[in-house]
Amino acid sequence: MSAEIIYEDSFPVEGGSFTNAGHVSSRIKTILKSLGVGNDTVRRASIVTYESEINIVSYARKGTIKIAVTSDSVEIDAVDEGPGIADIEQAMQEGFSTAPPIVREMGFGAGMGLSNMKKYSDVFEINSEVGVGTHVTMKIVSL
Amino acid sequence: MTLSEIKEILDAEVLVGNDQMNKEVKTAFSADLMSDVLAFAKPGSLLLTGLTNPQVVRTSDILDIAAIIVVRGKIPPQETIRLAEELKIPILTTRYILFETSGRLHARGIVGCIEKVGGDKINVGRNNL
């Protein structure tokens, strides 16, 4: 049985909106703090949300980041409408990237995003369909 | 060490956060790759970087970075400055290169927020400084 959800919301993310990239993550971080979620959980949730947001902005037409908070966890769903990932195993490898120069100029696109998202999550699931989009689910369990 | 002392050591100019110069820092992380900053930097550390786009400020906000030190004499664009003002994250700029900036601070007692990757040692700074 899972714990009762105390807060949930979803936030649209626009593809290609590089200047604003990260504003959804900043907002989610503020919300988690105001809910009294522990510092370590806020930090990990914020990092995976930010990497997800950067990915949607960098690769997809548009997407949505959903969060669901319970008394002992934060679950983040990043769903996008985009090109999808043909070879997930390859995409998960540190250093593998298909990022265009504009993404690299921002300090991203070095093939660290998905592995960072996995590193900071307790549960990490990724599903993708080429030509449709990608769905990443991450759960962070509070200590 | 306070941001004010860091400003003196680096002969730096304060671009954002003149009212936060009493803030204390003990650790730092230097990188131009924001994904590496997200992977390794710790809360309350300085971020030393040559990047100047708004994502440097977003990354710092997500990680609770104490202040951003922009190296190699770069001046961030207005959108970066505005975001840092909004999120209340100090930005200093120094003409020293990243190696010199890191070295000068380390020599005065600022240590890396971690010593090396893969290890468990997380630095919290020296107590006597």
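Here is a short report on the structure shown in this document.

Thresholds applied
- Residues numbered from 1 in each chain as written.
- Chains lettered and ligands numbered in written order.
- Predicted model: local features only at pLDDT ≥ 70, side-chain atom pairs only at ≥ 80, totals over all residues.
- Contact = placed C-beta atoms within 7 Å.
- Helix = DSSP H or I, 4+ residues; strand = E, 2+ residues; numbered from the N terminus.
- Nonpolar A, V, L, I, M, F, W, Y, C, P; charged D, E, K, R; others polar.
- Buried ≥ 20, exposed ≤ 12 C-beta atoms within 10 Å, placed from the backbone.
- Core = buried A, V, L, I, M, F, W, Y, C linked by C-beta atoms within 7 Å.
- Pairing = 2+ DSSP bridges.
- Axes fitted to C-alpha atoms, helices over the stretch in contact; angles between N-to-C directions.

1. Focus: the interface of chain A and chain B
By a widely used convention, the size of an interface equals the accessible area lost when the partners come together.
Thought 1: On the chain B side, the residues contacting the 19 residues of chain A number 17 residues.
Thought 2: Breaking the side of chain A that touches chain B down by element, the ones donating at least two residues are helix 1 (23–34), helix 2 (39–59) and helix 5 (113–120) of chain A.
Thought 3: Along the lines of polarity and charge, the residues of the side of chain A that touches chain B split into seven nonpolar, eight polar and four charged.

2. Re the environment of Asn-20 of chain A
All names here are of chain A.
Thought 1: In this fold, Asn-20 is placed in the loop between strand 1 (5–14) and helix 1.
Thought 2: Overall, Asn-20 belongs to the partly exposed group, with 15 C-beta atoms counted inside 10 Å.
Thought 3: C-alpha separation for the pair Asn-20 and Ile-54, spaced 34 residues apart in sequence, amounts to 9.9 Å.

3. A look at the nonpolar core
Thought 1: Ranked by size, the top nonpolar core spans 69 residues in total, and within it Leu-47, Ala-67, Ile-68 and Ile-69 of chain B carry the most contacts.
Thought 2: Ranked by residue count, the leading element in this core is helix 2 of chain A, at nine residues.
Thought 3: For Ala-67 of chain B, the contacting residues outside a window of four places in its chain are Leu-3, Gly-17, Lys-23, Val-25, Leu-46, Ile-89, Pro-90 and Leu-92 of chain B.

4. Section: the pairing of strand 3 (residues 73–81) of chain A
Residue and element names in this part refer to chain A.
Thought 1: Sheet topology places strand 2 (residues 62–70) next to strand 3; eight bridges connect them, and they run antiparallel. Residue pairing for strand 3: Gly-63 is matched across the bridge by Asp-80.
Thought 2: Taking the residues that link successive antiparallel strands as the turn, the strand 2-strand 3 hairpin has two residues.
Thought 3: Taken together, the nine bridges between strand 3 and strand 5 (residues 133–141) define a ladder with antiparallel strand orientation. Counterpart to Glu-75 in the pairing with strand 5 is Lys-139.

5. With respect to the sheet that holds strand 5 of chain A
The pairing of strands in a sheet happens through backbone hydrogen bonds and is either parallel or antiparallel.
Residue and element names in this part refer to chain A.
Thought 1: With respect to topology, five strands assemble into an open sheet ordered 1-2-3-5-4, the strand pairing being antiparallel. Only two strands of the sheet have a single neighbouring strand rather than two, namely strand 1 and strand 4 (123–129). With strand direction ignored, the average angle separating the axes of adjacent strands in the sheet is 10°.
Thought 2: In this sheet, strand 5 lies alongside strand 4 in antiparallel orientation, the contact comprising seven bridges. Within the sheet, the bridge partner assigned to Val-123 lies in strand 5 and is Lys-139.
Thought 3: The sheet strands contacting helix 2 are strand 1, strand 2, strand 3 and strand 5, and the helix crosses strand 3 at an angle near 0°.

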